[in-house]
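# Residue-level structure breakdown
Chain by chain, the residues run as shown.
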Number of protein chains: 2
Amino acid sequence: MNIGILGTGMVGRAHAAKFVELGHTVMLGTRDGKKTMATNEKDAMGNPPFAEWHKDHTKVKLVTFAEAATSGDVVYNALKGEIALSTLSFLKKQLTGKILIDVSNPLDFSKGMPPTLFVCNTDSLGEQIQSALPKARVVKAFNTMNAYLQVDPRQLEGGDHHLFVSGNDADAKAQVIKIAKEWYGLEHIIDLGDITTSRGTEMILAVWIRLWSTLKTPMFAFKIVK
Amino acid sequence: MNIGILGTGMVGRAHAAKFVELGHTVMLGTRDGKKTMATNEKDAMGNPPFAEWHKDHTKVKLVTFAEAATSGDVVYNALKGEIALSTLSFLKKQLTGKILIDVSNPLDFSKGMPPTLFVCNTDSLGEQIQSALPKARVVKAFNTMNAYLQVDPRQLEGGDHHLFVSGNDADAKAQVIKIAKEWYGLEHIIDLGDITTSRGTEMILAVWIRLWSTLKTPMFAFKIVK
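Note that the structure is a prediction, hence the values are computed from the model and not measured.

## Quick notes on the relation of the copies chain A and chain B
- Superposing chain A onto chain B takes a rotation of 180 degrees plus a shift of 0.0 Å along the axis, which leaves an RMSD of 0.0 Å. Within this description, the copies of the chain are treated as partners about a two-fold rotation axis.
- Comparing interface residues between copies, 100% of those in chain A also lie at the interface in chain B; the contact surface is shared.

## Observations regarding the sheet that holds strand S4 (residues 74-77) of chain A
All names here are of chain A.
- Spatial strand order, S3-S2-S1-S4-S5-S8-S9-S10: eight strands in an open sheet with mixed pairing. This sheet does not close on itself; its edge strands, each paired only once, are strand S3 (61-64) and strand S10 (189-193). Between one strand and the next, the sheet's axes are offset by a mean angle of 30 degrees, whatever the strand orientation.
- Bridge count for strand S9 (residues 163-167) against S10 is four bridges, and the pairing is parallel. Bridge pairing in S10 links Leu163 to Ile189.
- Relative to S9, helix H9 (residues 170-182) is tilted by about 160 degrees, and along the sheet it contacts strand S5 (99-102), strand S8 (137-140), S9 and S10.

## What about the sheet that holds strand S4 (residues 74-77) of chain B?
Residue and element names in this part refer to chain B.
- Across the sheet, eight strands lie side by side as S3-S2-S1-S4-S5-S8-S9-S10; this open sheet has mixed pairing. Either end of the sheet is taken by a strand with one partner, and the two such strands are strand S3 (61-64) and strand S10 (189-193). The mean inter-strand angle of the sheet, taken between neighbouring strand axes irrespective of direction, is 25 degrees.

## Structural notes on the interface of chain A and chain B
- Listed per partner, the contact involves 34 residues of chain A and 34 residues of chain B.
- Mapped onto the side of chain A that touches chain B, the elements with two or more residues apiece are strand S7 (116-117), S10, helix H10 (198-203), helix H11 (205-215) and strand S11 (221-225) of chain A.
- Tallied by class, residues from the side of chain A that touches chain B come to 17 nonpolar, 11 polar and six charged.
- In this structure, S11(A) lies alongside strand S11 (residues 221-225) of chain B, joined through five bridges in antiparallel fashion. Considered in S11(B), the bridge of Val225(A) is made with Ala221(B).

## Brief notes about the UniProt feature "domain: Pyrroline-5-carboxylate reductase catalytic N-terminal" (unreviewed entry) in chain A
- Here, UniProt's "domain: Pyrroline-5-carboxylate reductase catalytic N-terminal" (unreviewed entry) annotation points to residues 3-106 of chain A.
- For the annotated span residues 3-106 of chain A, helix accounts for 42% and strand for 21% of the residues, and the straight-line distance between the end C-alpha atoms is 24 Å.

## Here we look at helix H10 (residues 205-215) of chain B
- Leu205(B), Ala206(B), Val207(B), Trp208(B), Ile209(B), Arg210(B) and Leu211(B) are the residues of H10(B) that are buried.
- Of the surrounding elements, those touching the buried residues of H10(B) are S10, H10 and S11 of chain A together with strand S6 (107-108), strand S7 (116-117) and helix H9 (198-203) of chain B.
- Phi turns positive one or two residues past the end of H10(B), at Lys216(B), with a value near 60 degrees.

## Thoughts on the packing of helix H5 (residues 81-89) of chain B against helix H6 (residues 125-132) of chain B
Residue and element names in this part refer to chain B.
- Interaxial distance between H5 and H6 falls to 9 Å at its minimum, and their mutual angle equals 10 degrees. Relative to H6, the element H5 lies roughly parallel. Contact with H5, carried on its side by Gly81, Ala84, Leu85, Leu88 and Ser89, involves Leu125, Gln128, Ile129 and Ala132 of H6 and no other residues of that element.
- Taken together, the residues that form the contact of H5 with H6 break down as six nonpolar, three polar and no charged.

## Some points on H9(A)
Residue and element names in this part refer to chain A.
- A rise of 1.5 Å per residue sets the reference length of H9, with its 13 residues, at 18 Å; its end C-alpha atoms lie 18 Å apart and thus fit the reference within 8%.
- Those residues of H9 lying buried are Ala172, Lys173, Val176 and Ala180. Within H9, the buried residues cover an arc of 100 degrees as seen down the axis, which keeps them to one side. Exposed side of H9, more than 90 degrees from the buried face: Ala170, Asp171, Lys178 and Glu182 are the residues found there.
- Looking at the buried residues of H9, the elements they touch are S5, S8, S9 and S10.

Procedures and definitions
Along each chain, numbering runs from 1 in the same order as the chain's sequence is written. Chain letters start at A and ligand numbers start at 1, both assigned in the order the entries are written. Confidence filtering applies because this is a predicted model: local features only for residues at pLDDT of at least 70, side-chain atom pairs given and counted only at 80 or more, and all residues used for totals across whole chains, interfaces and linings. When the copies are superposed, the least-squares fit draws on C-alpha atoms of residues that have pLDDT of at least 70 in both. Working definition of a contact: two residues with C-beta atoms, positioned from the backbone, lying within 7 Å. Paired strands are those between which DSSP finds at least two bridges. Numbered from the N terminus, helices here are DSSP runs of H or I no shorter than four residues, and strands are runs of E no shorter than two. Under this scheme, a helix contributes an axis fitted over its contacting stretch, all axes are lines through C-alpha atoms, and angles between N-to-C directions fall in the 0 to 180 degree range. Only Asp, Glu, Lys and Arg are considered charged in this grouping, and only Ala, Val, Leu, Ile, Met, Phe, Trp, Tyr, Cys and Pro are considered nonpolar; every other residue, Gly among them, is considered polar. UniProt positions are given in the numbering used here, feature names are shortened, and annotations may be inferred rather than shown by experiment. Each residue is classified by how many other C-beta atoms fall within 10 Å of its C-beta atom, where C-beta atoms are placed from the backbone; a count of 20 or more means buried, 12 or fewer means exposed, and values in between mean partly exposed. Working definition: roughly parallel below 35 degrees, roughly antiparallel above 145 degrees, roughly perpendicular at 65 to 115 degrees, and oblique for all remaining angles. For a helix, the expected span equals 1.5 Å multiplied by the residue count minus one. An arc is given here, and it is the one of the directions from the helix axis to the C-beta atoms.

This is the structure:
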């Protein structure tokens with residue numbers, strides 16, 4: 001299968017590595033490939049420069065956003081929340097009819113730590129993306145987990161926690177659920193409803209951020225006990 | 001022990017019944033006792049009129065807000081979110097030095113269903129209450145669970161889920177954690193930090209509301225899997 005991933009940060013890299021490992025063809029999209037390869041500093045999260053990571057993941061092809069969006073049978077939005085909407089708006093044509101798995105969160109670091117959300121409560125980034133790309137089939141998923149957990153959820157209690165999905169297109173959600181089960185080994189998935197339910201999983205970041213401080217690790221996930 | 005509870009709705013009644021059962025003295029505060037006893041209609045949530053409930057809980061004393069706040073060694077804010085701040089502002093004197101367990105959520109039903117929050121992201125109801133009553137020792141707790149779960153959390157998987165607490169006063173939090181363990185049988189408690197962490201547990205309501213629809217029951221709780 002062809003997988004397009006938008007964003008070369010920790011989240012994009014984690015999914016890219018996972019899919020290559022599973023034998024898929026991965027196109028990793030960035031704004032300016034030369035610049036991405038030339039960066040030789042760690043990012044704000046302490047991740048190594050892209051070129052360094054890429055040496056160990058040479059099967060991942062670094063391409064433009066448009067190429068990644070065009071090539072993918074399924075496309076991941078692994079962009080930073082703050083640039084997701086503006087970047088995706090230029091990819092309307094390439095993403096028409098495509099399943100767009102939106103992993104991003106509307107985190108606003110501009111006012112210091114802990115971050116707040118730049119959209120919430122009566123709207124969400126998931127909705128804004130679906131609205132800007134009405135012909136893409138947006139499915140919000142994975143955003144309540146750290147990147148390393150997203151691609152290896154069974155490392156916590158054998159996967160005894162929940163993945164939440166939101167989206168307007170029932171078939172797209174069914175395919176994402178299939179991917180989550182077959183490729184990621186996730187067994188416990190809750191379909192919350194249409195894309196407006198992204199508000200809930202994005203707003204959960206407010207407690208996620210504080211739990212990260214309290215637990216002193218980002219390796220945790222939510223389980224709904226009933 | 002003397003327990004003061006503010007609010008005669010489902011949440012206030014559940015805690016009142018629990019404490020009477022445990023042998024404590026419970027003063028349940030309301031704005032206008034005569035009116036509360038005279039109401040003969042179910043509330044918006046389908047709960048029976050107060051007088052009907054009270055027939056089976058005669059040990060619960062119905063008093064004014066001020067009397068409940070004065071009498072309680074520990075006081076519960078079980079008021080509807082929308083009236084919590086204005087009501088509590090009149091009880092500054094009575095609540096001085098008291099532990100005020102804030103169970104309320106800032107739900108805004110004025111724009112239809114599902115409700116949104118009237119404060120979130122950069123502020124919270126917990127913070128607003130602490131700010132309006134600087135001498136009260138506010139501890140946000142229990143607000144991520146349905147009323148019946150709050151008072152009987154072990155009915156779900158033997159209590160294998162989490163209670164979150166937020167507050168500025170370490171001693172008050174320690175006492176609330178003791179109450180949660182000894183009186184409610186809760187074993188898994190996460191102290192998120194100061195009262196600003198109420199933002200997280202109040203904002204979790206956005207996904208809580210949607211989970212209620214999806215799961216078709218309000219009897220669920222969050223477990224942090226790590």
